[in-house]
Amino acid sequence: MRRKYLAASLFVLLFSAELVGQAQSAIPAGTEASSKTPSVHTAYYLDSLPLHLDLILPLPSTRDSVTTAAELAELHRIEATRTPAQIAQAQTDDREEDIFIFKSVMGPGFTAEALPITAALSAHIRKDEGATGGPLKSIYRRPRPYQADSTLHPVCPLNPEPTSYPSGHSLSGYLLALTLIQIVPEKRQQIFDRADEYVHNRLVCGVHYASDIEASRKLAYAIFGSLAVSSRFQHDVAAARDETRSKLGLPLAIPAQ
């Protein structure tokens, strides 16, 4: 049910973007948003016209807000209970931002070396993630949790810049999940579960707020709607589907869902 709601919410988000933008046109005092022009990133599949994704997202909470205090408290709870195994997995996920984070779902043969066409597709998706998420980080300039609260003890590499919102790893994770589902739709739920684990590990790392991740989830559905109508993307997904299903011994015909 949650997945159906998310798919439907994509259309609501896109059609309501103009209204949201009007409501947010005046930036409230005390936010971390900046009028600085975002740096230029080059997309691969996405149309050259800007998507204006900043119209979809709510402003991140300010440092002194009740919401930020609650999110910091959540990070402290996670820090107090995370296990060595959870830390190790979070650190592994921090180092990897490609479609092969789903190897635990797909099996040991799901590697870049074995699947070069799929690896190329993954790299192109990452380019589009950078082209969309990077400029938003420059607009909002939200401090990382450890920049707002020095008593936190993050276990992943630190970024000195205020680039918390939205989460790049989370945007990649969800975009790659939505892409992989086009290749192996019969593993849809396992892929979504792994994506949820992957993005939660940004909290285990101590480098993002929960709202950074939620913003990336919303963005992923909006961006994927644009990717899905790209003929170039459709061509590359079809090639990756043939390669992956053949190499992993899956039926070439997609099972009925």
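Note that the coordinates shown come from a computational prediction; the quantities given were computed from them, not determined experimentally. (Residues numbered from 1 in each chain as written. Predicted model: local features only at pLDDT ≥ 70, side-chain atom pairs only at ≥ 80, totals over all residues. Heavy atoms only, no water.)

1. Remarks on the overall build of the protein
Okay, so step 1: Scanning the protein from N- to C-terminus turns up eleven helices and zero strands.
Okay, so step 2: Going residue by residue from the N terminus, the α and β elements of the protein occur as α-α-α-α-α-α-α-α-α-α-α.
Okay, so step 3: Going through the 257 residues of the protein one by one, you find that 47% of them count as buried.
Okay, so step 4: Here the analysis covers contacts within the protein between residues at least 6 apart in sequence; of these, 82% occur between residues at least 24 apart. (Helix = DSSP H or I, 4+ residues; strand = E, 2+ residues; numbered from the N terminus. Buried < 20%, exposed > 50% of the residue type's maximum accessible area, 1.4 Å probe, protein only. Contact = heavy atoms within 4.5 Å.)

2. Observations concerning the packing of helix α3 (residues 66–81) against helix α9 (residues 188–205)
Okay, so step 1: Between α3 and α9, the least distance of the axes is 8 Å, while the angle of their chain directions is 90°. On the basis of the axis angle, α3 is roughly perpendicular to α9. Judged by residue contacts, Glu74, Leu75 and Ile78 of α3 engage His200, Leu203 and Val204 from α9.
Okay, so step 2: The class makeup of the residues in the contact of α3 with α9 is four nonpolar, one polar and one charged. (Axes fitted to C-alpha atoms, helices over the stretch in contact; angles between N-to-C directions. Parallel < 35°, antiparallel > 145°, perpendicular 65-115°, else oblique. Nonpolar A, V, L, I, M, F, W, Y, C, P; charged D, E, K, R; others polar.)

3. Quick word on the pattern of salt bridges
Okay, so step 1: Across all of its chains, the model carries nine salt bridges by this definition.
Okay, so step 2: Measuring nitrogen to oxygen at the nearest pair gives 2.8 Å for the salt bridge that ties glutamate 186 to arginine 245. In this pair, glutamate 186 sits in the loop between α8 (168–183) and α9 while arginine 245 sits in helix α11 (residues 231–247), placing the two residues 59 residues apart along the sequence.
Okay, so step 3: Residue glutamate 186 is classed as partly exposed on the basis of its relative accessible area, which comes to 27%.
Okay, so step 4: Residue arginine 245 is classed as buried on the basis of its relative accessible area of 1%.
Okay, so step 5: For arginine 217, the salt bridge is made with glutamate 214, and the minimal N-O distance between the two is 2.2 Å. Taken together, the positions of arginine 217 and glutamate 214, both in helix α10 (residues 210–227) and three residues apart, correspond to about one turn of that helix.
Okay, so step 6: With a relative accessible area of 13%, arginine 217 lands in the buried category. (Salt bridge = Lys/Arg side-chain N within 4 Å of Asp/Glu carboxyl O.)

4. Here's the deal with the state of the cysteines
Okay, so step 1: In total, this model carries one disulfide according to the counting rule given.
Okay, so step 2: The partner cysteine of cysteine 156 in its disulfide is cysteine 205, sulfur to sulfur 2.0 Å. Judged by the torsion about the S-S bond (-50°), the cysteine 156/cysteine 205 disulfide is left-handed. Taken as a pair, cysteine 156 in the loop between α7 (145–148) and α8 and cysteine 205 in helix α9 lie far apart in primary sequence, 49 residues in all. Of the two residues examined, cysteine 156 and cysteine 205, each falls in the buried class. (Disulfide = S-S within 2.5 Å.)

5. A closer look at the nonpolar core
Okay, so step 1: In terms of nonpolar packing, the biggest core is built from 59 residues, with Phe102, Leu180 and Leu227 touching the most fellow members.
Okay, so step 2: Those elements that provide at least two residues to this core are α3, α5 (103–106), α6 (116–140), α8, α9, α10 and α11.
Okay, so step 3: Every residue in contact with leucine 180, bar those within four places of it in the chain, is listed here: Ile99, Phe102, Met106, Phe110 and Ile191. (Core = buried A, V, L, I, M, F, W, Y, C linked by side-chain atoms within 4.5 Å.)

6. With respect to the packing of aromatic side chains
Okay, so step 1: All told, the structure shown has five aromatic pairs when counted by the stated rule.
Okay, so step 2: Geometrically, the ring pair formed by phenylalanine 100 and phenylalanine 110 is tilted, given 4.9 Å between the ring centres and 50° between the ring planes. In this pair, phenylalanine 100 is assigned in the loop between α4 (84–95) and α5 and phenylalanine 110 in the loop between α5 and α6, connecting sequence segments ten residues apart. For the pair phenylalanine 100 and phenylalanine 110, one class covers both residues: buried.
Okay, so step 3: When the centroid spacing of 5.8 Å and the interplanar angle of 90° are considered together, the rings of phenylalanine 224 and phenylalanine 233 count as edge-to-face. Each of the two residues, phenylalanine 224 as well as phenylalanine 233, counts as buried.
Okay, so step 4: Lying over the aromatic face of tyrosine 209, arginine 142 brings its terminal NZ or CZ to 3.9 Å of the ring centre.
Okay, so step 5: If you follow arginine 232 out to its NZ or CZ, it ends over the ring of tyrosine 44, 3.7 Å from the centre. (Phe/Tyr/Trp six-rings, centres within 6.5 Å; stacked < 30°, edge-to-face > 60°. Lys NZ or Arg CZ within 6 Å of the ring centre and 35° of its normal.)

7. Description of unusual backbone geometry
Okay, so step 1: Going from tyrosine 165 to proline 166, the amide bond is cis rather than trans, its omega being -5°.
Okay, so step 2: One can find proline 166 in the loop between α7 and α8.
Okay, so step 3: Located in the positive-phi region is arginine 141, a residue other than glycine, with phi close to 45°.
Okay, so step 4: Inspection of the secondary structure assignment puts arginine 141 in the loop between α6 and α7.

Without other data, these values stay purely geometric and don't point to any function.
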